[in-house]
Amino acid sequence: MNLPPQLQEKIEKWANSQGISTEQFILQAITEKIATLSQQKLAEDTQPNLNQANLYRKDGILVVDAELPANFDINTFIDELREERIQEQIV
């Protein structure tokens, strides 16, 4: 495998510090990365899609039924909407 010289040096340094060959170090690193990605994929596949919104009309009003982000602040949201309307009226 052709690796950039700086990366090869780092791999050799870390492998030596752990008392293993560079090949073993690379194999362990790849194995760990694949395990991490597999766990992330499994978590994504098993969690409901929180970005999925249900759109419908109720009494003539458009309703968006979706989960809000954890850091959502309704007062800040209302203030931003007010500011947008003020700016639209100025223009």
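What counts and what doesn't
- Numbering of residues starts from 1 in every chain and runs along the sequence as written.
- Per-residue local features are limited, in this predicted model, to residues with pLDDT of at least 70; the limit for side-chain atom pairs, both in listing and counting, is 80 or more; totals at the level of whole chains, interfaces and linings are taken over all residues.
- The side-chain quantities take in all heavy atoms of the structure and omit both hydrogens and water.
- In this text, helices come from DSSP runs of H or I with a minimum length of four residues, and strands from runs of E with a minimum of two, each type numbered from the N-terminal end.
- All radius of gyration figures rest on C-alpha atoms, and the globule criterion is 2.2 Å times the number of residues raised to 0.38.
- Relative accessibility thresholds used throughout: buried, under 20% of the residue-type maximum; exposed, over 50%; partly exposed, between the two (1.4 Å probe, protein chains only).
- Under the convention used here, a 1.4 Å probe and the Shrake-Rupley method define accessible areas, while residue burial counts only the protein chains that appear.
- The rule for pairing is simple: two strands pair if DSSP sees at least two bridges between them.
- Here is the rule: rings of Phe, Tyr and Trp (six-membered ring for Trp) pair when centre to centre is within 6.5 Å. Planes less than 30 degrees apart are stacked, more than 60 are edge-to-face, and the remainder are tilted.
- A helix is expected to span 1.5 Å multiplied by its residue count minus one.
- Only residues above 30% relative accessible area that lack a salt bridge enter a patch, with like-charged residues linked at up to 9 Å and the nonpolar side chains Val, Leu, Ile, Met, Phe, Trp and Tyr linked at up to 5 Å.
- Each salt bridge in this description consists of a side-chain nitrogen of Lys or Arg and a carboxyl oxygen of Asp or Glu lying within 4 Å of one another.

1. Considerations on the overall build of the chain
When its secondary structure is counted, the chain shows three helices and two strands. From first element to last, N terminus to C terminus, the chain shows the α and β order α-α-β-β-α. Relative to the globule expectation of 12 Å for 91 residues, the C-alpha radius of gyration of the chain, 26 Å, shows a markedly less compact shape. Its C-alpha atoms put the chain at 70 × 35 × 25 Å along the principal axes. A buried classification covers 5% of the 91 residues belonging to the chain. Carbon and sulfur atoms form 54% of the exposed surface of the chain, whose accessible area is close to 8,700 Å².

2. What to know about the pairing of strand β2 (residues 61–65)
Buried residues are scarce in β2, accounting for zero of its five residues. Bridging between strand β1 (residues 54–58) and β2 involves five bridges; their strand directions are antiparallel. Bridge pairing in β2 places arginine 57 opposite leucine 62. As consecutive antiparallel partners, β1 and β2 are separated by two residues, and within that stretch aspartate 59 has a phi angle of approximately 55 degrees, a positive value.

3. Describing the packing of aromatic side chains
Counted under the stated rule, the structure contains one aromatic pair. Where phenylalanine 72 meets phenylalanine 77, the ring centres are 5.5 Å apart and the plane angle is 50 degrees; that geometry is what we call tilted. When its relative accessible area of 32% is taken as the criterion, phenylalanine 72 is described as partly exposed. Look at phenylalanine 77 and you get partly exposed, because its relative accessible area is 36%.

4. Things to note about helix α1 (residues 5–18)
Helix length check: α1 (14 residues) gives 20 Å between terminal C-alpha atoms against 20 Å at 1.5 Å per residue, within 8%. Once α1 ends, the next one or two residues include glycine 19, with phi positive near 70 degrees.

5. Some remarks on a nonpolar patch on the surface
On the surface, Leu68, Phe72, Ile74, Phe77, Ile78 and Leu81 cluster together into a nonpolar patch covering about 500 Å² of accessible area. Assignment of secondary structure puts leucine 68 in the loop between β2 and α3 (74–90).

6. Notes on the environment of aspartate 59
Of note, aspartate 59 is situated in the loop between β1 and β2. Residue aspartate 59 is classed as exposed on the basis of its relative accessible area of 76%. Distance from aspartate 59 to glutamate 83, taken between C-alpha atoms, is 28 Å for residues 24 residues apart in sequence.

So, to be careful, I would describe these as geometric facts and stop short of saying anything about function.
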